[in-house]
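Coordinates in review
Okay, here's what each chain looks like letter by letter:
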Amino acid sequence: MRSFRFWIVTLAAVVTLGGGGLIVAVLDDDAPVMHDPGPVVVAAAVLPATPAPAASTSAASPAPAAPKQTVTDRAARVKSLNTALKAVKGDFAVAVLDRKTGQRYVYRGSVKYDTASIVKVQILACMLLKAQDAGRAPTSAEMKLARPMIRLSDNNATTSLYQRIGGKAAVTKCNKRLGLTQTVVDSRWGLTRTTASDQVVLLSELVDTRGPLSAASRKTAFTLMNTVSTAQDWGVPAIAKKGEIFTVKNGWDTRTADGGLWAVNTIGRITAKNGSVDVSVAVLTRRNKNMTAGVTLVEKVAKLTRKHLAY
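First things first, this report covers the structure right here in the doc. Worth saying up front: this structure is predicted, and the values here are computed from it rather than measured. (Residues numbered from 1 in each chain as written. Predicted model: local features only at pLDDT ≥ 70, side-chain atom pairs only at ≥ 80, totals over all residues. Heavy atoms only, no water.)

1. Describing the environment of Gln163
Considering the arrangement of structural elements, one finds Gln163 in helix α4 (residues 155-164). On the basis of relative accessibility, which here comes to 57%, the residue Gln163 falls in the exposed class. (Helix = DSSP H or I, 4+ residues; strand = E, 2+ residues; numbered from the N terminus. Buried < 20%, exposed > 50% of the residue type's maximum accessible area, 1.4 Å probe, protein only.)

What follows is the structure, given as structure tokens:
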């Protein structure tokens, strides 16, 4: 998969276990999808539609009026997607939030998975809120840790920043302000447990002008999220069409409790400059035989949501 960035930044390629990255780019072409073995996933649910939050802090034109979708149309699309996902082999959950329409879709959205490095977005948001509470911008010392944490998914920087902002207790308290009700923070940050539903809530808070993050904090998060290592251009970016902008945070890790199998996750947003697309997507997986299988699975699931929900 190839992509182009708004800002070209030369970064050392740092690959750390459980790592990930956040990217904003324009997609050139889609990567091929492979089939992945694993247990069959069951159960799906759709949350009630909610009013769309305010526009993103990124420099986008006002969103045009969303085309009206009848209840019958929506039900048919959801039914079609449920059927398609039930046929996919693997242990996964997915949630989609369309900010234009306020519609949400969840498939096993309340099942908890290990975060691995997607929790770094959560830690970043909490650091920014802590700075806001003190009536200041993030310090140079905080940003010195936040930059490699997001841009390179540096684990050492993450551990230092996590401890600096107060660790498990502080992030647990912060989660309430972010609206995360199904996320259980662990003192070992990568073992934090979360749900796909909570992750799309987090993604929305990063751009919601009515949320707890100030305009300056949202801008800081956006700046970090679109200047990361190109080595992590997978997951959510696989569903971006030519000319669309995507953000993504990936995470991967092996779990002793799962016999050394892999947890591979991707969260991110897809937007269009003219506001015609504004969607948050979270795909969480576990028990993949290797990282490659996990990447294939998250991309396949994400692509199916776009195909059937037609966003």
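2. What to know about the packing of aromatic side chains
Summed over the entire model, instances satisfying the criterion amount to 2 aromatic pairs. Geometrically, the ring pair formed by Phe92 and Tyr107 is stacked, given 5.5 Å between the ring centres and 15° between the ring planes. Of this pair, Phe92 sits in strand β3 (residues 91-98) while Tyr107 sits in strand β4 (residues 104-107), and the two are 15 residues apart along the sequence. According to the relative accessible area criterion, Phe92 is buried, its value standing at 0%. Residue classification places Tyr107 among the buried residues on the basis of a relative accessible area of 0%. Arranged with centres 5.8 Å apart and planes meeting at 55°, the rings of Trp234 and Trp252 form a pair that is tilted. Remark: Trp252 occurs in strand β7 (residues 245-255) and Trp234 occurs in the loop between α7 (215-225) and β7; sequence separation between them is 18 residues. Considered together, Trp234 and Trp252 belong to a single accessibility category, that of buried residues. Sitting above the plane of the Tyr113 ring, Arg286 keeps its charged end 4.1 Å from the centroid. (Phe/Tyr/Trp six-rings, centres within 6.5 Å; stacked < 30°, edge-to-face > 60°. Lys NZ or Arg CZ within 6 Å of the ring centre and 35° of its normal.)

3. Digging into the state of the cysteines
Under the defined criterion, the tally for this structure stands at 1 disulfide. The side chain of Cys126 participates in a disulfide bridge whose partner is Cys174; the two sulfur atoms lie 2.2 Å from each other. One quick way to see it: the torsion about the S-S bond of Cys126 and Cys174 is about -100°, and its sign makes the bridge left-handed. Of the two residues, Cys126 is situated in helix α2 (residues 119-133) and Cys174 in helix α5 (residues 167-178); the sequence distance between them amounts to 48 residues. (Disulfide = S-S within 2.5 Å.)

4. Regarding the packing of helix α1 (residues 71-86) against helix α8 (residues 291-309)
In the contact formed by α1 and α8, the axes pass within 9 Å of each other and the chain directions differ by 155°. The orientation of α1 with respect to α8, classified from their angle, is roughly antiparallel. The chirality of how α1 crosses α8 is right-handed. Listed contacts from α8 to Arg74, Arg77, Ser80, Leu81, Ala84 and Leu85 of α1 are Val301, Leu304, Thr305, His308 and Leu309. Taken together, the residues of the contact of α1 with α8 break down into 6 nonpolar, 3 polar and 2 charged. (Axes fitted to C-alpha atoms, helices over the stretch in contact; angles between N-to-C directions. Parallel < 35°, antiparallel > 145°, perpendicular 65-115°, else oblique. Left-handed = near helix turned anticlockwise from the far one by under 90°. Contact = heavy atoms within 4.5 Å. Nonpolar A, V, L, I, M, F, W, Y, C, P; charged D, E, K, R; others polar.)

5. Examining unusual backbone geometry
Located in the positive-phi region is Ala116, a residue other than glycine, with phi close to 50°. Mapped onto the elements of the fold, Ala116 is located in the loop between β5 (113-114) and α2. Owing to a relative accessible area of 4%, Ala116 belongs among the buried residues under this scheme. At Ala310, a position not held by glycine, the phi torsion is positive, near 55°. Counting through the fold element by element, Ala310 comes out in the segment after α8.

6. Quick word on the pairing of strand β8 (residues 261-271)
Counting buried residues along β8, 10 of its 11 residues qualify, which places the element largely inside the surrounding structure. The pairing of β7 with β8 spans 11 bridges and is antiparallel. Residue pairing for β8: Val248 is matched across the bridge by Gly268. Pairing analysis gives 7 bridges linking β8 to strand β9 (residues 278-286), with the strands arranged antiparallel. Of the residues in β9, the one forming a bridge with Thr271 is Asp278. Counted between consecutive antiparallel strands, the loop separating β8 from β9 contains 6 residues, among which Gly275 sits at a positive phi close to 80°. (Pairing = 2+ DSSP bridges.)

7. What to know about the pairing of β7
Burial analysis of β7 places 9 of its 11 residues in the buried class, the great majority of the element. Counting the residues between successive antiparallel strands, the hairpin from β7 to β8 contains 5 residues, one of them, Gly259, with a positive phi of roughly 70°.

8. Some remarks on the packing of helix α3 (residues 140-151) against α4
Interaxial distance between α3 and α4 falls to 8 Å at its minimum, and their mutual angle equals 135°. Of the possible angle classes, the one that applies to α3 and α4 is oblique. The handedness of the crossing between α3 and α4 is left-handed. Seen from α3, the contacting residues are Ala141, Glu142, Leu145, Ala146, Pro148 and Met149; seen from α4, they are Ala157, Thr158, Ser160, Leu161 and Arg164. Looking at side-chain class alone, the contact of α3 with α4 contains 7 nonpolar, 2 polar and 2 charged residues.

9. Re the nonpolar core
Ile123, Leu124, Met127, Leu161 and Leu178 are the most contacted members of the largest nonpolar core, which totals 44 residues. Counting only elements with at least two residues in this core, the list comes to β3, α2, α3, α4, α5, α6 (196-205), α7 and β9. Beyond its immediate stretch of four places on either side in the chain, Met127 contacts Pro138, Glu142, Met143, Ala146, Leu161 and Ile165. Formed by 33 residues, the second largest nonpolar core is a distinct cluster that contains Trp234, Val236, Ile239 and Val264. (Core = buried A, V, L, I, M, F, W, Y, C linked by side-chain atoms within 4.5 Å.)

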